[in-house]
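# Summary of structural features
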Amino acid sequence: MPRDTYHKRSLGTLARRIKESRVLLVGAGGIGCELLKNLLLSGFGEIHIIDLDTIDLSNLNRQFLFRFEHIKKSKALVAKEVAHKFQPNAKLEAYHANIKDSQFNVDWFATFDIVFNALDNLEARRHVNRMCLAANVPLIESGTTGFNGQVQVIKKGLTECYDCTSKEVPKSFPVCTIRSTPSQPIHCIVWAKSYLFPELFGTSDEDSSEFDHSEDAENSAEIENLRKEAQALKEIRQSMGSDEFAKKVFDKVFSEDIERLRGMEDMWKTRSPPESLNFEKLTEESADVAITISCNDQKVWSTAEDFVVFKDSLDRLSKRLKTLQETTNSDVKPILVFDKDDVDTLDFVTAAANLRATIFKIDPKSKFDTKQMAGNIIPAIATTNAMTAGLCVLEAFKVMKGDYNQTKMVFLERSGARAINSDSLQPPNPNCPVCSSAHARLKIDPERATVNDLVEQVLRLQLGYGEEFSLTTESGIIYDPDLEDNLPKKLLDLGVKNESFITVIDDEDEPRVNLQLFVLAAEPSEQNGAEAERPISIDAVPEIPRKPKTPTPAASEQVNGTSSNPAAAKLKRSADEAGLSNGDDRAKRVAGVSEANGDGANPIVLDEATGGAILIDDD
């Protein structure tokens, strides 16, 4: 009997459509491994897998495609090799790459019938969401947090997108605690990741989202000290690449700054004062320490070992940044960004945080623990990943049939008992800055096109924009009415290149929705006719509607925050009685907090006769 016999019996004509489909799986981690196996066993004929990460020892307990011998190898490539055994006739393509690389552009996304997100990174999720919207390809978003899981179907123009609801704001810490009186390992890790690292290799991060800048007297004074120290580090940064760079950085942050803090005697009346470190003394103590100690990520390093890793990682990062600066031809200065999966940046943050922890008599952490804390990683559970991956495929069947009316937002939750609940997908949020945007393709001659060309020839002349609007790219704002210095500059020199996005934000009294311009850079030889004479042109003039005015809710619609609709009220009471409602709004669940909330939610029903939700006992 052919292997796909049961697929045909179960799925009917859909089985053929699935077999001929071309799908993209972004992420080959906990959910990704389970999802790849499910897709192959469900008969999907062509699957492309992309993941930037390599396999770590900590992955093996829940990412079942990987074994000990695969450690340090590409997740995507190993997943392809191992999973192919489930369905040898399927076509698998793997990419050990970043989904944000320019090769994975809108046209590439448009070649797929469906995209699956299995990521643990908010920024990457938003990028895939944006690309799928631009390519008009359905996306199935998924994620897990401990025992909780979530699956969401996203289709342009039909459902809300990933950015339609606000996401949980990362935890922030008072500046005075991070800079002066750390008491926990996380305080030292945040200091190394969000202050020291960007001051040396990125952009000044005084306004980091992990710092609480509320204006109280103590915080205000420490913010001012922060600015002074940042200026001192900028001067030290000029010596990057020299033999004394490591010593200058070390003496500044682990000796001079600490002695300044010790001088504030009132601060240490009820707590032990910090003790600064000595560069020369640690140099002698670490003479016999091998640099390879950084490979042991489970061990809590000694102070001497931290010192060796600190100097070595500082040297590695300095050389990397210098190389970038020498090879980048742009007005936008290259920077380095912390990545929990990047060995150099993680080594630096671990060593710097531990040295600071030693100074304040705080227990240091292993590289493994630092990665979890710096990356805001919540331990995953294999069973949750497997169930979430299964739900992804069930929703994919509906998408492949084009039956979007039946697709759901699905929640895997634990509240006393573990239950699967679903909610009808909501229409796009009219105020969403991503999916409510208009889209257009912008053709530019990279050697000639300037900001002024875009502003005058396209936005004002062709699209009718007024005086009040701004232009933003991934690098930040490149134009607004108060930033006219960039007008004569080439777009290329401001970081705008082929496959970039430029967002036009209308700031008039009755603004139009945001306009997303997808940039296609073409040399004059690739253009023809009048097109070749213009440095910039727009493919087609898009319709750019006005932003909807926020309606004022009618008094009859809500009484004391509760719906006056009898049916809705009855549904809420039923949910409360079932123990599935905690009074939080739907946005909290969508944002990933995933607390059980049955307000307006429908349980997944497998047996229409019983009409019951699926309940899974802990046993």
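None of these values were measured; they are calculated from a predicted model. (Residues numbered from 1 in each chain as written. Predicted model: local features only at pLDDT ≥ 70, side-chain atom pairs only at ≥ 80, totals over all residues. Heavy atoms only, no water.)

## Describing the overall build of the protein chain
Counted only if it meets this: Helix numbering and strand numbering both begin at the N terminus, where a helix is a DSSP run of H or I of at least 4 residues and a strand a DSSP run of E of at least 2. Think of it in three bands: with a 1.4 Å probe and only protein chains considered, a residue is buried below 20% of the maximum accessible area for its type, exposed above 50%, and partly exposed in between. Accessible surface is estimated by sampling points in the Shrake-Rupley manner with a 1.4 Å probe; for residues, cover comes only from the protein chains shown.
Each helix and strand in the protein chain was counted, giving 19 helices and 20 strands. Burial statistics for the protein chain: of 619 residues in total, 49% are counted as buried. Here the protein chain displays about 29900 Å² of accessible surface, and carbon together with sulfur accounts for 49% of that area.

## Overview of the side chain of E499
Our working rule: Every residue pair with non-hydrogen atoms within 4.5 Å of one another is taken to be in contact.
Examined against the element boundaries, E499 turns out to sit in the loop between strand 13 (476-479) and strand 14 (501-506). Filtering out sequence-adjacent residues up to four positions away, E499 remains in contact with S102, N105, V106, F518 and V519.

## Some points on the sheet that holds strand 13
Applicable threshold: Only strands joined by at least two bridges in the DSSP assignment are considered to pair. Note on definitions: angles span 0 to 180 degrees between N-to-C directions of axes, and those axes are lines fitted to C-alpha atoms, for helices only across the stretch in contact.
One open sheet holds the six strands; their spatial order is 13-12-14-15-11-16, and the pairing between them is mixed. In this open sheet, the two strands that pair with only one neighbour each are strand 13 and strand 16 (536-538). Neighbour-to-neighbour, the strand axes of the sheet open up by a mean angle of 30°, direction not taken into account. In this structure, strand 11 (residues 438-444) lies alongside strand 16, joined through three bridges in antiparallel fashion. Across the sheet, the residue bridging to K443 is S537, located in strand 16. Set on the sheet, helix 6 (residues 122-135) makes contact with strand 11, strand 14 and strand 15 (515-521); between it and strand 14 the angle comes to about 85°. This element, helix 16 (residues 451-460), spans strand 11, strand 12 (469-473), strand 13, strand 14, strand 15 and strand 16 of the sheet and lies at about 125° to strand 12.

## What to know about helix 3 (residues 30-41)
What counts, and what does not: One less than the residue count of a helix, multiplied by 1.5 Å, gives the span that helix is expected to have.
With 12 residues, helix 3 ought to run about 16 Å at 1.5 Å a step, and its terminal C-alpha atoms sit 18 Å apart, in line with that. With 11 of its 12 residues buried, helix 3 lies for the most part within the structure. Buried within helix 3 are the following residues: G30, I31, G32, C33, E34, L35, L36, K37, N38, L39 and L40. G43 occupies a position one or two residues after helix 3 and carries a positive phi of about 100°.

## What to know about unusual backbone geometry
A positive phi angle is found at N136, which is not glycine, with a value near 55°. Structurally, the position occupied by N136 is in the loop between helix 6 and strand 5 (139-145). A positive phi angle, close to 60°, is found at K361, a residue other than glycine. Here K361 shows up in the loop between helix 13 (343-359) and helix 14 (367-374). Assessed through its relative accessible area of 46%, K361 is described here as partly exposed.

## Notes on the pattern of salt bridges
For clarity, the threshold we go by: Salt-bridge detection follows one rule: a side-chain nitrogen of Lys or Arg within 4 Å of a carboxyl oxygen of Asp or Glu.
For the structure shown, the criterion picks out 28 salt bridges. For K100, the salt bridge is made with E123, and the minimal N-O distance between the two is 2.5 Å. Taken together, the residues span a long stretch of sequence, with K100 in the loop between strand 3 (91-95) and helix 5 (106-109) and E123 in helix 6 at a distance of 23 residues. Looking at K100, the relative accessible area reads 32%, which means it is partly exposed. Residue classification places E123 among the exposed positions, given a relative accessible area of 52%. Among the ionic pairs, K371 bridges to D341, the shortest N-O distance being 3.2 Å. Taken together, the residues span a long stretch of sequence, with K371 in helix 14 and D341 in the loop between helix 12 (303-327) and helix 13 at a distance of 30 residues. Take D341: its relative accessible area is 32%, and that puts it in the partly exposed class.

## Considerations on the confidence of the model for the protein chain
Applicable threshold: You can read pLDDT as the predictor saying how much it trusts each residue, on a scale of 0 to 100.
When pLDDT is averaged across the protein chain, the result is 80; 79% of the residues are at 70 or more. The low-confidence segment residues 205-219, where pLDDT is below 50, has 43 contacts with residues more than four positions distant or belonging to other chains. For the stretch residues 555-619, pLDDT sits under 50, and the model shows 104 contacts to residues farther than four places along the chain or on other chains.

## Some words on the nonpolar core
Our working rule: Nonpolar core, defined: a set of buried Ala, Val, Leu, Ile, Met, Phe, Trp, Tyr and Cys residues in which side-chain atoms within 4.5 Å join the residues together.
Counting residues in hydrophobic clusters, the biggest one holds 49 residues, and the most contacted among them are F201, F254, F310 and F348. Contributions of two or more residues to this core are made by helix 8 (185-201), helix 9 (217-237), helix 10 (245-262), helix 11 (279-285), helix 12 and helix 13. The element best represented in this core is helix 8, accounting for 11 residues. Contact partners of F254, with chain neighbours within four places excluded, come to W191, S276, L277, F310, A352, L355, R356 and I359. Formed by 47 residues, the second largest nonpolar core is a distinct cluster that contains L35, A79, F397 and I420.

## Description of the environment of G43
Along the chain, G43 falls in the loop between helix 3 and strand 2 (46-50). Residues G43 and K19 lie 24 residues apart in sequence; the distance between their C-alpha atoms is 5.5 Å. Sequence-distant contacts of G43, that is, excluding residues within four places in its chain, are made with H7, I18 and K19.

## Description of the pairing of strand 5
Which entries qualify depends on this criterion: When the strands point away from the viewer, a crossover counts as right-handed if the path from the first strand over the helix to the second runs clockwise.
For strand 5, the buried fraction is high: five of the seven residues fall into the buried class. Strand direction decides the pairing type here: strand 4 (residues 114-117) and strand 5, joined by three bridges, are parallel. Paired with F116 across the bridge in strand 5 is I140. A crossover connection joins strand 4 to the parallel strand 5 through helix 6; in handedness this β-α-β unit is right-handed. Of the pairings in the sheet, the one linking strand 5 to strand 6 (residues 148-154) comprises seven bridges and is antiparallel in character. Within strand 6, the residue paired with G143 across the bridge is Q150.

## Some words on a negative patch on the surface
Note the threshold: The patch calculation keeps residues exceeding 30% relative accessible area without a salt bridge and links them within 9 Å when they carry like charges or within 5 Å when they are nonpolar (Val, Leu, Ile, Met, Phe, Trp, Tyr). His is not counted here, nor are the chain ends, while Lys and Arg score as positive and Asp and Glu score as negative. To locate a charge, take NZ of a lysine, CZ of an arginine, CG of an aspartate or CD of a glutamate.
A surface patch of like charges, here negative, comprises E468, D482, E484, D485, D507, E508, D509 and E510. Locating D482 in the fold gives a position in the loop between strand 13 and strand 14. Residue classification places D482 among the exposed positions, given a relative accessible area of 77%.

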